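# Observations on chain architecture
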Amino acid sequence: MFRKVFASIAAVSAATLVVAGAASADVPTFESTATVREMVVTANPLATDAGERVLRSGGTAVDAMIAAQAVLGLVEPQSSGIGGGAFVVYHDAATGTTTTFDARETAPSAATEDRFLGLGFFTAWQSGLSVGVPGVPRLLDVLHDRYGARPWQTLFTRAKTLAQDGFALTERTSSQAAGLLALNPSCSDRVFFRDPTALAYFADPATCVAKPAGTIVTNRDYADVMKALAKDGADAVYTGPIAEEIAHAVQSDPAIPGDMTTADLAAYDVVERAPVCLDYRGHDVCGMGPPSSGGLAVGQILGILEGFDLAGAGAGDPLDDEVVHLFTQAGRLAFADRNLYVGDPDFVTVPAEGMLDEAYLASRAALISDTDMGTAGPGTPPGEFDPTAPDATAKTSGTSHISIVDRWGNALSMTTSVESSFGNGVMVHGFLLNNQLTDFSFTPVGSDGTPVANRVQPEKRPRSSMSPTIVFDSTGAVELVTGSPGGSRIIGYTAQSIVNHIDFGLDPQYSIAVPHYQNRNGSTEIEVPVPGVTLDYDAAALAAQLVACGHAVSITSLESGLSIIEIAPGALLGGADLRRDGTVGGR
Ligand code: GLU
């Protein structure tokens, strides 16, 4: 019954610099980029270039990230920026330590549990209620203080210059704006781009036609913010006129006013947290703990799969139906726990250790049979937790991932987000506000009245799926830096990238090209192949095999945005996601 689509994949060694692809000239070979010294991978060529310039000038991974993030906020504003939040997993080569930084948005102090009760997602998204206090500016400042080497003010120069001189709007930005504008009842009656400033920036305000790809746009306001950040650090955004503008924009939202105040902005803090690590086949996989569900869910998927010989089951083929079956069953089990237990650990007791307990995960793995298990129920991990009701909220689209390794061996994995495409759609001083608070549960209690761990509470951070990850080999050396956008599908994309590396020995670019599959405790999703972007395969045949095992299958677009660096012997290998605009830089 097994269809060996990629029988040759097992032969590709992780250390291979150039991947052996298909022989035909018009079939892409998905070769990883190889460098020897330093590397940066982002979802946009201009951001990658900004990071690369900084690395080349002797900057650290953190310096390069700051320059890349500053540019991303300008050229990929639909996905991340000054108005958003992020999570970073960081490995410091000098001390050999790995730590994480939580720069997730917080709910205003006036927020109440019923904030979104009765609201539809679109209504909540396009309103002032969805805006959390941004975390990115403070994160850049905190990380630079700890790990920066280049002068802070120089790291914003590239973004400022691009904002002043202009840059070409990407096809992605243009088509995403067009997609949202098309949902409006009319140009004068707008749900999306209700903010006239944002409308005029991304579209012709008279016709509501999105500016075409290639349009050269300038953003003087953004250049001002870069100057202010360069001069005064993050305080330039959290206090003073820009903070006042943010609070005013939120409070005077034309759809539904929000309640964020300048005091909320002034009080924002980045939280350093211990990484969430799990041993997978002798490799230490370290990710972001709560309030992200990413590290725990990726860890659970891998921990559950530990008992199965994936490479053997698929005879080296990552698209073998048995491999896909096992991966999707592990996904079901992980999502059942994630939905129930994960919330901001400063507000609820998350059984984080218990969720990754070896015996517990073995007991979960024992629930897997040859046929699809259907909706998985949550388990009872060892350890304390609050009684809680599930929240299966899943969103997508406004996120980006940056992976960097510098010449000293410092490694940085950062997922950065404004939540949905173009955040909440309101532009303040050249950047977009986030709508990250819609990642909270819209209902504070379950049907039996039990509180939801991920309910809204004042100053709380909404649960995320972002999964920045660093993998270490058995000697403790960094071997893989990975992560992706994609809403709650981030978890599956990231886990698959680790399985592709560890179980199938695929190098980054090839790994990214392998079509995705996953199950978030609903239907089994397998990716529609995209010519030139993913490997080609017979999705219908795989679906039929899975249906025969009881799966409900949806063949769909699975638009990851993976940025992967592998530290191979003597070289750094980079892969960027061609499903978006990813590029690899370095030397
Ligand atoms: N807001 C989502 C989260 O934190 C990410 C959204 C996306 O990937 O576009 O999980």
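Residues numbered from 1 in each chain as written. Predicted model: local features only at pLDDT ≥ 70, side-chain atom pairs only at ≥ 80, totals over all residues. Heavy atoms only, no water.

### Some details on the nonpolar core
Put simply, the test is: What makes a nonpolar core is a set of buried Ala, Val, Leu, Ile, Met, Phe, Trp, Tyr and Cys residues whose side-chain atoms join them at distances within 4.5 Å. With a 1.4 Å probe rolled over the protein chains alone, any residue whose accessible area is under 20% of its type maximum counts as buried; one over 50% counts as exposed, and the rest are partly exposed. Working definition: helices are DSSP H or I runs of at least four residues, strands are E runs of at least two. Numbering for both runs from the N terminus. It only takes one pair of heavy atoms within 4.5 Å for two residues to be counted as in contact.
F156, F193 and I246 are the most contacted members of the largest nonpolar core, which totals 84 residues. The dominant element in this core, judged by the number of residues it contributes, is helix α2 (residues 61–75), at twelve residues. Discounting chain neighbours no more than four positions away, the residues touching I246 are V237, M260, L265, V428, F431 and L433. Formed by 61 residues, the second largest nonpolar core is a distinct cluster that contains V348, I368, I491 and L558.

### Quick notes on the side chain of Q436
Threshold: We call two N or O atoms a polar contact when they sit within 3.5 Å, provided that within protein one can donate a hydrogen and the other can accept it, with sequence-adjacent residues counted only if both atoms are side-chain atoms.
As for its position among the elements, Q436 is in the loop between β15 (431–432) and β16 (469–472). A residue is classified by how much of its surface remains accessible, and Q436, at 1% relative accessible area, is buried. Polar side-chain contacts of Q436 include one of 3.2 Å to the side chain of S417. Not counting residues up to four positions away in its chain, the partners in contact with Q436 are R104, E105, S130, S417, V418, E419 and P462.

### Describing the site of the ligand
To keep things clear, this is the line we draw: Throughout this document, a residue counts as near a molecule or strand when at least one of its heavy atoms sits within 4 Å of that molecule or strand. Note on residue classes: Ala, Val, Leu, Ile, Met, Phe, Trp, Tyr, Cys and Pro are nonpolar, Asp, Glu, Lys and Arg are charged, and everything else, Gly too, is polar.
Near the ligand, the surroundings consist of 16 residues, among which T399, E419, Q436, S465 and G487 are the closest. Backbone polar atom of G398 to an oxygen atom of the ligand: 2.9 Å apart, as the coordinates give it. Between a nitrogen atom of the ligand and a side-chain N or O atom of D439, the distance comes to 2.7 Å. Here the shell around the ligand gets three residues from one element, more than from any other, and that element is strand β12 (residues 397–405). When its residues are assigned to classes, the shell around the ligand shows three nonpolar, ten polar and three charged.

### Quick notes on the packing of helix α14 (residues 321–341) against helix α17 (residues 490–502)
Convention followed: Axis angles are defined between N-to-C directions and span 0 to 180 degrees, where every axis is a line fitted to C-alpha atoms and, for a helix, only to the segment in contact. Any angle from 65 to 115 degrees is called roughly perpendicular, while one under 35 is roughly parallel, one over 145 is roughly antiparallel, and all others are oblique. Two helices crossing with the near one rotated counterclockwise from the far one by less than a right angle form a left-handed crossing, whereas a clockwise rotation gives a right-handed crossing.
Where α14 contacts α17, the two axes come as close as 11 Å, and the packing angle between them is 135°. Considered as vectors, α14 and α17 are oriented oblique to each other. Between α14 and α17 lies a crossing of right-handed hand. For the pair α14 and α17, contact is made by F327, F335 and R338 and by I491, G492, A495, Q496 and V499, respectively. The residue inventory of the contact of α14 with α17, partitioned by class, reads five nonpolar, two polar and one charged.

### Digging into the state of the cysteines
The following threshold applies: Whenever a pair of cysteine sulfur atoms sits within 2.5 Å, that pair is classed as a disulfide.
Counted according to the given criterion, the structure contains two disulfides. At a sulfur-sulfur separation of 2.1 Å, the disulfide partner of C187 is C208. Looking down the S-S bond of the C187 and C208 bridge, the torsion is 80°, so its handedness is right-handed. Here the residue C187 occupies a position in the loop between α6 (171–181) and α7 (196–202), and C208 occupies one in the loop between β6 (203–204) and β7 (209–210), the gap between them amounting to 21 residues. Look at C208 and you get buried, because its relative accessible area is 12%. Paired through a disulfide, C277 and C286 show a sulfur-sulfur distance of 2.1 Å. As the torsion about the S-S bond is roughly 115°, the C277-C286 disulfide counts as right-handed. The exposure class assigned to C277 is partly exposed, which follows from its relative accessible area of 34%. A relative accessible area of 3% places C286 in the buried class. Counting its disulfide-bonded cysteines in sequence order, the protein chain shows a connectivity of 1-2, 3-4.

### Some words on the sheet that holds strand β23 (residues 583–586)
Here is the rule we go by: At least two DSSP bridges between two strands are required for those strands to pair.
Read across the open sheet, the seven strands follow the order β9-β4-β3-β13-β12-β2-β23; overall the sheet is antiparallel. The open sheet has two free edges, formed respectively by β9 (271–273) and β23, since each of these has just one partner strand. Each neighbouring strand pair of the sheet contributes to a mean axis angle of 15°, computed without reference to strand direction. Here strand β3 (residues 85–92) pairs with strand β4 (residues 97–103) via seven bridges, running antiparallel. Opposite H91, over in β4, you have T98 as the bridge partner. Packed on one face of the sheet, helix α1 (residues 45–56) meets β2 (39–42), β12 and β23 and runs near 160° to β2. Contacting β3, β4, β9 and β13 (411–420), helix α4 (residues 136–147) runs over the sheet at an angle of about 155° to β4.

### Some remarks on the confidence of the model for the protein chain
Quick note on the threshold: Each residue carries a pLDDT score, the predictor's own confidence in it, on a scale running from 0 to 100.
For the protein chain, the mean per-residue pLDDT works out to 94, and 95% of the residues sit at or above 70. Long-range and interchain partners of residues 1–24, a stretch whose pLDDT sits below 50, account for 63 contacts in this model, where long-range means more than four residues apart.

### Focus: the environment of N184
Mapping N184 onto the fold places it in the loop between α6 and α7. Judged by its relative accessible area of 10%, N184 is buried. Linking N184 and N435, residues 251 residues apart in sequence, is a C-alpha distance of 18 Å. What N184 contacts, discounting residues up to four positions off in sequence, is D189, R190, V191 and F192. Among the polar contacts made by the side chain of N184, one reaches the main-chain amide nitrogen of F192 at a distance of 2.7 Å.

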